[in-house]
Amino acid sequence: MFKALIACRAGVGSSLMLKIKAEQVIKEENFPIEVEHASLDAVSGFTGDLLITLTDVKEELESIGVTKPVIGIASITNKEEIKNKLSSFIEAHSK
């Protein structure tokens with residue numbers, strides 16, 4: 001089971017919406033991922049496997065040297081994009 005943190009700058013609007021869509025995809029596809037959501041302040045203390053955020057925030061996190069895998073979602077409501085990116089992560093990180 002993978003543990004993912006869904007984060008945005010404030011941890012309120014976009015990350016909550018993205019969490020809802022990601023949970024729908026995870027349930028529909030039976031992906032082995034559990035999610036929580038927070039603001040970017042929680043990233044440094046997150047001990048899970050994966051960060052999920054918006055594409056602009058992904059670039060920001062990578063520029064400051066975050067070492068965990070980061071998935072950037074361009075459209076919060078695009079479940080196909082979320083599914084494809086989560087599926088790719090699972091394939092790449094399953095042993």
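Residues numbered from 1 in each chain as written. Predicted model: local features only at pLDDT ≥ 70, side-chain atom pairs only at ≥ 80, totals over all residues. Heavy atoms only, no water.

(A) Local environment of the sheet that holds strand β2 (residues 33-39). The 4 strands are arranged β2-β1-β3-β4 in an open sheet whose pairing can be described as parallel. For this open sheet the edge positions go to β2 and β4 (70-73), each flanked by a neighbour on one side alone. Ignoring strand direction, the axes of neighbouring strands in this sheet form an average angle of 25°. Here strand β1 (residues 2-8) runs beside strand β3 (residues 50-54); their pairing, made up of 3 bridges, is parallel. From the neighbouring strand, L5 faces β3, where its bridge partner is L51. Against the sheet, helix α2 (residues 55-63) engages β3 and β4, with an angle of about 130° to β3. (Pairing = 2+ DSSP bridges. Helix = DSSP H or I, 4+ residues; strand = E, 2+ residues; numbered from the N terminus. Axes fitted to C-alpha atoms, helices over the stretch in contact; angles between N-to-C directions. Contact = heavy atoms within 4.5 Å.)

(B) Region of the structure containing the nonpolar core. Ranked by size, the top nonpolar core spans 30 residues in total, and within it L18, I33, I52 and L86 carry the most contacts. When near neighbours in sequence (up to four residues on either side) are disregarded, I33 contacts M1, F2, A4, I26, L86 and I90. (Core = buried A, V, L, I, M, F, W, Y, C linked by side-chain atoms within 4.5 Å. Buried < 20%, exposed > 50% of the residue type's maximum accessible area, 1.4 Å probe, protein only.)

(C) Structural detail: the packing of helix α1 (residues 13-29) against helix α3 (residues 79-93). Taken N-terminus to C-terminus, the directions of α1 and α3 make an angle of 65°; their axes are 9 Å apart at the nearest point. Judged by the twist between their axes, the crossing of α1 over α3 is right-handed. Only K79, I82, K83 and L86 of α3 make contact with α1, whose side of the interface consists of L18, K21, A22, Q24, V25, I26, E28 and E29. Within the contact of α1 with α3, the residues separate by chemical class into 6 nonpolar, 1 polar and 5 charged. (Left-handed = near helix turned anticlockwise from the far one by under 90°. Nonpolar A, V, L, I, M, F, W, Y, C, P; charged D, E, K, R; others polar.)

(D) Structural view of α3. An ideal rise of 1.5 Å per residue puts 21 Å on 15 residues; α3 measures up with 21 Å between its terminal C-alpha atoms. Of the positions making up α3, those classed as buried are E81, I82, L86, F89 and I90. With its buried residues spanning 160° around the axis, α3 presents them on a single face. When the buried face of α3 is taken as reference, the exposed residues oriented beyond 90 degrees from it are E91 and A92. Put simply, N78 is the residue that caps the front of α3, since its side-chain oxygen is 3.1 Å from the backbone nitrogen of E80. (Expected span 1.5 Å × (residues − 1). Arc of directions from axis to C-beta. Polar contact = N/O pair within 3.5 Å; in protein donor to acceptor, adjacent residues only side chain to side chain.)

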